[in-house]
Amino acid sequence: MTIDRHLGMDGFREYLSAGVAMAHPIDGEPRLILSIDPVVHSISLRGPRRAGEDLPVTGLEHVRTVSGPGGGDIELRVTDSALFLDAYPVLCAVADRVQLNGSTMSDAIRETLRLLGRFLRRTPTLTRERELGLCGELLVFIGLCKLVGPSTAVAGWRGPHGEEHDFAMLGHDVEVKSTTSEHRMHWIDSLTQLEPTADTPLWLVSHQFTEAGPNQGWRLRDLVDAARSVAGLAVRDDFERRLDAAGWTESHDEIDVMRWRRRFPSAAFLVAGEFPRLTSKSFTSDTTMSRGLVEVRYKIDLSDQYTDQPVPSGISAAIATEVPS
C-alpha cells in the first residue's frame with residue numbers, strides 16, 4: 001500500500017468515530033472513491049467497471065461486491081463495523097492494484113482476497129486418502145466439462161459442499177471412489193453415501209490408481225491446472241470455492257510430489273439391487289441393532305461386481321478422460 005496516496009489510519013479512525021458519511025477520492029487514475037456510510041454501517045471502495053467485466057463473488061459473509069448506480073461501477077463493501085479498521089488496508093490494497101498495476105476492479109478484488117486467504121491459511125492437511133479422492137473427482141469434472149460445458153459441470157460438482165453424492169450429472173447422481181489397491185476395494189463413509197436420492201439413479205465410479213515413475217502420469221497439481229483450464233473464466237469463482245472446500249491449497253504445490261496413473265480403466269456401477277452396501281434401511285427391521293450407532297464406515301470389494309444395466313454413455317465418457325498434456 002502506497003501510504004501517501006491514501007487517507008492515513010488516524011484520519012480514517014477519526015471519520016469512523018465522528019459517525020458521519022464520507023466519500024473520499026483516492027489520488028490516482030482511474031477515479032476510486034472510499035466511502036463510509038454510517039446509516040447502513042458499511043465502508044466501501046467504488047471504481048469503474050469495464051465493458052464485459054463481471055461482478056466477482058467473494059464467498060465471504062461480511063465482504064461483498066455490488067454494482068454501482070446504472071451498473072457502471074463495482075463496489076467492494078464491508079458490512080461489519082467490527083472489521084472496519086482491519087479491512088481498510090485491504091481496500092487500499094485493491095485500490096493500488098487498480099491504479100498502480102492497471103488491474104480491473106474485479107481482478108484486483110480477486111487477487112487481493114486470494115492472497116489474504118493464502119496468508120491466513122493453516123498448514124495443509126490433505127491426507128493421502130483425500131488426495132486420491134480429489135484426483136478422482138477432478139478427472140470426472142474435467143470429463144464432464146467437455147461433455148456438458150463448464151457451467152453445468154461446476155454446478156453438478158456437489159461433493160465439496162457436503163452433499164450426499166459427489167456429482168449430479170446427466171440425470172444421475174454419481175459417487176466417486178479412488179483406490180490404490182490391486183483389487184477394486186473402496187471405503188464407504190456413511191449409511192447415506194450409497195443411498196439414492198428420491199428417484200434419481202445412483203452410480204458409483206471406481207478409479208484404481210498406482211504410483212507412476214518420474215516424468216510419467218500426473219500429480220494432483222496437474223489435475224488442478226487442467227480443471228482450471230477447461231473450467232475457464234466464466235465460472236472461475238464458483239470452481240475455486242469448490243476446489244478450496246475440497247481441501248486444495250496452493251501450498252500443496254510445494255509438497256505435492258507423488259505422481260499417479262491409472263492401474264486399470266475406471267469403471268461405473270449402478271447402485272441398485274444386489275449391489276453391496278449398507279444404508280439406513282438396512283436396519284429398519286431391527287431398530288434395537290441400530291440404536292446407538294453414531295458412525296458407520298465399511299469397505300466394499302467390486303472386483304467381481306457385475307451389473308446388467310449398461311453404463312450411460314455420458315458417464316462412460318466423463319470417467320474415461322485423460323489429463324490434458
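All values derive from a computational prediction rather than experimental measurement. (Residues numbered from 1 in each chain as written. Predicted model: local features only at pLDDT ≥ 70, side-chain atom pairs only at ≥ 80, totals over all residues. Heavy atoms only, no water.)

Undergrad: Tell me what's going on with the overall build of the protein chain, and back it up with residues and numbers.
TA: Regarding its fold elements, the protein chain presents 10 helices and 11 strands. A principal-axis box enclosing the C-alpha atoms of the protein chain has dimensions of 70 × 55 × 35 Å. Buried residues in the protein chain amount to 43% of all 325 residues. Within the protein chain, contacts between residues at least 6 apart in sequence are counted, and of these 70% link residues at least 24 apart. With an accessible surface of roughly 16900 Å², the protein chain has 51% of that area assigned to carbon and sulfur atoms. Of the side-chain charges in the protein chain, 35 are positive and 46 negative, and the distance between the mean point of each set is 2 Å. (Helix = DSSP H or I, 4+ residues; strand = E, 2+ residues; numbered from the N terminus. Buried < 20%, exposed > 50% of the residue type's maximum accessible area, 1.4 Å probe, protein only. Contact = heavy atoms within 4.5 Å. Areas by Shrake-Rupley, 256 points an atom, 1.4 Å probe, with all protein chains shown as cover. Lys, Arg positive; Asp, Glu negative; His and termini not counted. Charge placed at Lys NZ, Arg CZ, Asp CG, Glu CD.)

Undergrad: If you had to explain the pairing of strand E5 (residues 73-78) to someone new, which residues and values would you point to?
TA: Taken together, the 6 bridges between strand E3 (residues 42-48) and E5 define a ladder with antiparallel strand orientation. Considered in E5, the bridge of Ile-43 is made with Val-78. Sheet analysis places strand E4 (residues 63-67) next to E5, joined by 5 bridges and oriented antiparallel. Its bridge partner being in E5, Ser-67 is matched across the sheet by Ile-74. (Pairing = 2+ DSSP bridges.)

Undergrad: I'd like a description of the side chain of Glu-53, backed by residues and values.
TA: With respect to the helices, strands and loops of the structure, Glu-53 is situated in the loop between E3 and E4. One buried charged side chain, Glu-53, makes no salt bridge at all; its nearest oppositely charged neighbour is Arg-50, positioned 5.1 Å away. Residues within four places of Glu-53 in sequence aside, it is in contact with Pro-48, Ile-74, Thr-104, Met-105 and Ser-106. (Salt bridge = Lys/Arg side-chain N within 4 Å of Asp/Glu carboxyl O.)

Undergrad: Can you lay out the environment of Val-94 for me, pointing to particular residues and giving the numbers?
TA: Along the chain, the position of Val-94 falls in helix H2 (residues 84-99). For Val-94, a relative accessible area of 1% translates into the label buried. Between the C-alpha atoms of Val-94 and Phe-264, which are 170 residues apart in sequence, the distance is 48 Å. Sequence-distant contacts of Val-94, that is, excluding residues within four places in its chain, are made with Leu-45, Leu-76, Ala-108, Ile-109 and Thr-112.

Undergrad: Give me the sheet that holds E3: which residues, what numbers.
TA: Strand order across the open sheet formed by 5 strands is E1-E2-E3-E5-E4, with antiparallel pairing between neighbours. Each end of this open sheet is capped by a strand with a single partner; those strands are strand E1 (22-26) and E4. On average, each strand axis in the sheet is tilted by 20° relative to the strand beside it, whichever way the strands run. Both strand E2 (residues 32-37) and E3 contribute to a ladder of 5 bridges, which runs antiparallel. Paired with Ile-36 across the two strands is Ile-43, which belongs to E3. Across the face of the sheet, helix H1 (residues 9-18) comes into contact with E1, E2 and E3 while running at roughly 40° to E2. Sitting on the sheet, H2 is in contact with E1, E2, E3 and E5, with an inclination near 5° to E3. (Axes fitted to C-alpha atoms, helices over the stretch in contact; angles between N-to-C directions.)

Undergrad: Residue-level account of the sheet that holds strand E10 (residues 260-270), with values.
TA: What holds strands together in a sheet is hydrogen bonding between their backbones, with the strands either parallel or antiparallel. Strands sit in the order E6-E7-E9-E10 across an open sheet of 4 strands; the sheet is mixed. Edge positions in the open sheet fall to strand E6 (167-169) and E10, since each of these has one partner strand only. Taken over all neighbouring pairs, the strand axes of this sheet differ in orientation by 30° on average, direction set aside. Pairing between strand E9 (residues 202-211) and E10: 8 bridges, direction antiparallel. Bridged to Phe-209 within E10 is Arg-262. Along the sheet, helix H4 (residues 128-148) makes contact with E6, strand E7 (172-179), E9 and E10, crossing E9 at roughly 120°.

Undergrad: Quick one: what's the story with the packing of aromatic side chains, residue by residue and with numbers?
TA: Summed over all chains, the structure comprises 6 aromatic pairs. When the centroid spacing of 5.6 Å and the interplanar angle of 40° are considered together, the rings of Phe-141 and Trp-157 count as tilted. One end of the pair, Phe-141, is in helix H4; the other, Trp-157, is in the loop between helix H5 (150-156) and E6, with 16 residues separating them in the sequence. Residues Phe-141 and Trp-157 agree in their burial class; the two are buried. Seen in terms of ring centroids, Trp-157 and Phe-239 are 6.0 Å apart; in terms of plane orientation they differ by 35°. Their pairing is tilted. (Phe/Tyr/Trp six-rings, centres within 6.5 Å; stacked < 30°, edge-to-face > 60°.)

Undergrad: How would you explain the layout of surface pockets if you had to name every residue and give the values?
TA: If you add up the space inside the second largest pocket, you get close to 610 Å³. Around the second largest pocket sit 28 residues that line it, and Glu-129, Arg-130, Gly-133, Lys-177 and Asp-189 are the ones nearest its centre. Mapped onto the lining of the second largest pocket, the elements with two or more residues apiece are H4, E7 and strand E8 (185-188). Counted by class, the lining of the second largest pocket contains 7 nonpolar, 11 polar and 10 charged residues. (1 Å grid on protein atoms, 1.4 Å probe; cavity = no way out; pocket = protein on both sides within 12 Å on 5 of 7 lines; lining within 4 Å. Points joined across faces, edges and corners; volume = space filled by probe spheres on them. Nonpolar A, V, L, I, M, F, W, Y, C, P; charged D, E, K, R; others polar.)

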